[in-house]
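Geometric and topological summary
The chain contents come next:
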Amino acid sequence: QLFKAQFEVAVARHPLVYILSAKYGLVELDAVLDWYDQELGKSKKYDEAWGFNVACHLAARHLRRGPARLTFYAGKKYVEPVRAGLKEFDWNVTVVEPMKGLEIGERKHWLKEQLR
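Residue numbers run consecutively from 1 along every chain, following the written order of its sequence. pLDDT decides what is reported in this predicted model: residues at 70 or higher carry local features, side-chain atom pairs at 80 or more are listed and counted, and totals for whole chains, interfaces and linings draw on all residues regardless. By convention in this description, side-chain values take in all heavy atoms of the structure and omit both hydrogens and water.

Before going further, it helps to examine the packing of helix H2 (residues 44-62) against helix H3 (residues 76-86). Note on geometry: axes are C-alpha line fits, over the in-contact stretch for helices, and angles between N-to-C directions span 0 to 180 degrees. Numbering of helices and strands runs from the N terminus, with a helix taken as a DSSP run of H or I at least four residues long and a strand as a DSSP run of E at least two residues long. Between H2 and H3, the shortest axis-to-axis distance is 7 Å and the interhelical angle comes to 60 degrees. In this structure, H2 meets H3 at a crossing whose hand is right-handed. Between H2 and H3, the residues in contact are Asp47, Trp50, Gly51, Phe52, Val54, Ala55 and Leu58 and Tyr78, Pro81, Val82, Gly85 and Leu86, respectively. Three classes are used: nonpolar for Ala, Val, Leu, Ile, Met, Phe, Trp, Tyr, Cys and Pro, charged for Asp, Glu, Lys and Arg, and polar for all others, with Gly counted as polar. Grouping the amino acids of the contact of H2 with H3 by side-chain chemistry returns 9 nonpolar, 2 polar and 1 charged. Should the near helix be turned anticlockwise from the far one by less than a right angle, the crossing is left-handed, and should it be turned clockwise, the crossing is right-handed. Any two residues whose heavy atoms approach within 4.5 Å are treated as being in contact.

A few words on the pairing of strand S1 (residues 18-21). Whether two strands pair depends on DSSP finding at least two bridges between them. Where S1 and strand S2 (residues 25-28) come together, 4 bridges link them in antiparallel fashion. For isoleucine 19, the partnering residue across the bridge sits in S2 and is valine 27. Adjacent in sequence and paired antiparallel, S1 and S2 are bridged by 3 residues.

Let us now look at the packing of helix H1 (residues 2-13) against helix H4 (residues 104-114). The contact between H1 and H4 brings their axes to 10 Å, and the two run at 40 degrees. Handedness of the H1/H4 crossing: left-handed. Within the contact between the two elements, H1 uses Leu2, Ala5, Gln6, Val9 and Arg13 and H4 uses Ile104, Arg107, Lys108, Trp110, Leu111 and Gln114. Residues that form the contact of H1 with H4 fall into these classes: 6 nonpolar, 2 polar and 3 charged.

With that settled, consider the pattern of salt bridges. Note on pairing: side chains with opposite charge can pair once their charged atoms come close. Think of a salt bridge as a Lys or Arg side-chain nitrogen and an Asp or Glu carboxyl oxygen that are within 4 Å of each other. Counted under the stated rule, the structure contains 6 salt bridges. Note that arginine 83 is salt-bridged to glutamate 80, the shortest N-O span being 3.6 Å. Residue arginine 83 and its partner glutamate 80 are both found in helix H3; the two are separated by 3 residues, about one turn of the helix. The partner of glutamate 97 in a salt bridge is arginine 83, and the shortest N-O contact between them spans 2.3 Å. You can see glutamate 97 sitting in the loop between strand S4 (93-96) and H4 and its partner arginine 83 sitting in helix H3, a full 14 residues away along the chain.

This paragraph deals with H4. Exposure is judged per residue with a 1.4 Å probe applied to protein chains only, and the accessible area is read against the type maximum: over 50% gives exposed, under 20% gives buried, and values in between give partly exposed. Looking only at H4, the buried set comprises Arg107, Trp110 and Leu111. Taken down its axis, H4 places every buried residue within 100 degrees of arc, on the same side. Those residues of H4 that are exposed and angled more than 90 degrees off the buried face are Gly105 and Lys112. Against H1 lie the buried residues of H4. Working definition: the arc comes from the directions between the helix axis and the C-beta atoms, pointing outward to the latter.

We now examine H1. How far a helix is expected to stretch is found by multiplying one less than its residue total by 1.5 Å. Between its first and last C-alpha, H1 extends 17 Å over 12 residues, near the 16 Å set by a 1.5 Å rise per residue. Among the residues of H1, Ala5, Gln6, Val9 and Ala10 are the ones counted as buried. Viewed end-on, H1 has its buried residues packed into an arc of 135 degrees, placing them on one side of the element. Residues of H1 that are exposed and angled more than 90 degrees away from the buried face: Lys4 and Ala12. In this structure, the buried side of H1 is in contact with H4.

What follows is the structure, given as structure tokens:
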């Protein structure tokens, strides 16, 4: 339910949306994935490599376009590794987290309000 609401807000507000997958990294909306049961936050080494991989894919797709504003509707476990990975690039990128610091219940409420 939380993911669905995050996705709906992202699609309603932004012309280009990707999904962050703990297993597959940066995923385009038309990708078809096999089911998996994996999350971040269990291995610091994996999370760091995952975040760098996501940052590499973002940079490869968008770095040449100049400054960027990336809005994340994900939790800290997903955003922080990507933020760390982005520091490896000479790229003027602003990371926006509209739900930063909100607990899950607060996130659900905030998302519901955004969809009104």
